[in-house]
Amino acid sequence: MIHEFVSFDRIGGAVSCGFISGLLGKLMRNGGICIWISCFHTLFPTALKSFGVVPENVIFVRMEREKDVLWAMEEALKCEGITAVLAEIHHLDFVQSRRLQLAVEKSAVTGFILQHNPKLLGATACAARWKISSLPSQLEDGLPGIGYPSWDIALLKVRNGNPGRWQMTWSAGGFEPVAKTRQETEGWAPSYHNRGLA
């Protein structure tokens with residue numbers, strides 16, 4: 001199955017990479033291998049450990065041209081011994097996505113496409129399209145500071161299903177729904193803004 005993620009700025013791209021890393025951590029927990037293909041040089045592999053991904057189990061492939069990224073992804077998706085393949089691109093059309101989906105149907109490898117700043121969001125053959133946004137960190141005991149990353153997860157379209165929206169946070173145990181403590185911590189924001197601290 002191919003999951004398509006869209007981001008429209010650098011923050012959205014970083015947030016989406018973090019969320020996808022959490023998914024990869026679950027998929028790869030039994031020693032699986034992932035191939036991460038991109039033209040970008042922005043990922044810090046050691047940070048993947050925060051989401052349960054062993055960086056040594058990720059093969060990072062850097063391409064010069066975006067069309068080569070999609071070719072490499074299609075070839076990687078045909079390898080049944082791989083757990084997941086992720087590609088970062090700027091544009092995906094229906095024909096390209098259909099080729100990727102056909103490769104997945106034969107191998108059962110999970111595919112992730114992250115579109116950075118797409119000029120046009122057209123129809124694709126991907127099973128689902130997601131948009132991930134950041135939320136304030138989930139803090140322990142309602143205290144201010146830096147806590148676990150949290151996301152606003154929007155399922156924009158899904159084959160044979162309905163769109164939806166969820167708020168999730170990452171903790172030592174993995175994904176969890178955003179807790180009620182969020183409401184308590186939101187009260188800190190105005191006081192920090194008034195003091196020029198946020």
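Our subject in this report is the structure included herewith.

**Quick look at helix 3 (residues 94–107)**
The first and last C-alpha atoms of helix 3 sit 20 Å apart over 14 residues, in line with the 20 Å expected at 1.5 Å per residue. The set of residues buried in helix 3 consists of Ser97, Leu100, Gln101, Ala103, Val104 and Ser107. Buried residues of helix 3 fall within an arc of 160° about the axis and therefore sit on the same side. For helix 3, exposure combined with an orientation more than 90 degrees from the buried face picks out Val95, Glu105 and Lys106. Buried-residue contacts for helix 3 involve strand 1 (2–7), helix 2 (66–77) and strand 5 (110–116). Taking the backbone nitrogen of Val95 as reference, a side-chain oxygen 3.2 Å away marks Asp93 as the first, capping residue of helix 3.

**Some remarks on the nonpolar core**
Formed by 25 residues in total, the largest nonpolar core has its most connected members in Phe5, Leu24, Trp36, Ile132 and Trp151. Of all elements in the fold, only helix 1 (10–27), strand 2 (34–38), strand 4 (84–89), strand 5, strand 6 (128–138) and strand 7 (148–158) reach the threshold of two or more residues within this core. Top element by residues in this core is helix 1. It accounts for five residues. Aside from chain neighbours lying at most four places away, what touches Phe5 is Phe19, Ile20, Leu23, Phe112, Ile113, Leu114, Gln115, Trp130 and Ile132. Judged by nonpolar contacts, the second largest core, of 21 residues, contains Ile37, Leu92, Val104 and Cys126.

**Comments concerning helix 2**
Two residues of an α-helix separated by three or four positions point the same way, owing to the 3.6 residues in each turn. Taking 1.5 Å of rise per residue, the twelve residues of helix 2 would be expected to cover 16 Å, and the 17 Å separating its terminal C-alpha atoms lies within 8% of that figure. Along helix 2, the residues that are buried comprise Val69, Leu70, Ala72, Met73, Glu74, Ala76 and Leu77. Packed against the buried residues of helix 2 are strand 1, strand 2, strand 4, helix 3 and strand 5.

**Observations concerning the pairing of strand 8 (residues 164–171)**
Across six bridges, the pairing between strand 7 and strand 8 is antiparallel. Across the sheet, the residue bridging to Leu155 is Gly164, located in strand 8. Counting the residues that bridge the hairpin from strand 7 to strand 8 gives five residues, and of these Asn160 lies at a positive phi of roughly 60°. In this structure, the hairpin formed by strand 8 and strand 9 (residues 174–177) is closed by a connection of two residues.

**Observations concerning unusual backbone geometry**
A positive phi angle, near 65°, is found at Ala108, a position not held by glycine. Residue classification places Ala108 among the exposed residues on the basis of a relative accessible area of 67%. If you check the backbone angles, Asn160 has positive phi at about 60° while not being a glycine.

**Comments concerning the environment of Cys17**
You can see Cys17 is positioned in helix 1. The exposure class of Cys17 is buried, given its relative accessible area of 12%. Cys17 sits 31 residues away from Leu48 along the chain, and the two C-alpha atoms are 9.5 Å apart. Residues within four places of Cys17 in sequence aside, it is in contact with Trp36, Glu88 and Leu114.

The rules we used
- Residues numbered from 1 in each chain as written.
- Predicted model: local features only at pLDDT ≥ 70, side-chain atom pairs only at ≥ 80, totals over all residues.
- Heavy atoms only, no water.
- Helix = DSSP H or I, 4+ residues; strand = E, 2+ residues; numbered from the N terminus.
- Expected span 1.5 Å × (residues − 1).
- Buried < 20%, exposed > 50% of the residue type's maximum accessible area, 1.4 Å probe, protein only.
- Arc of directions from axis to C-beta.
- Contact = heavy atoms within 4.5 Å.
- Polar contact = N/O pair within 3.5 Å; in protein donor to acceptor, adjacent residues only side chain to side chain.
- Core = buried A, V, L, I, M, F, W, Y, C linked by side-chain atoms within 4.5 Å.
- Pairing = 2+ DSSP bridges.

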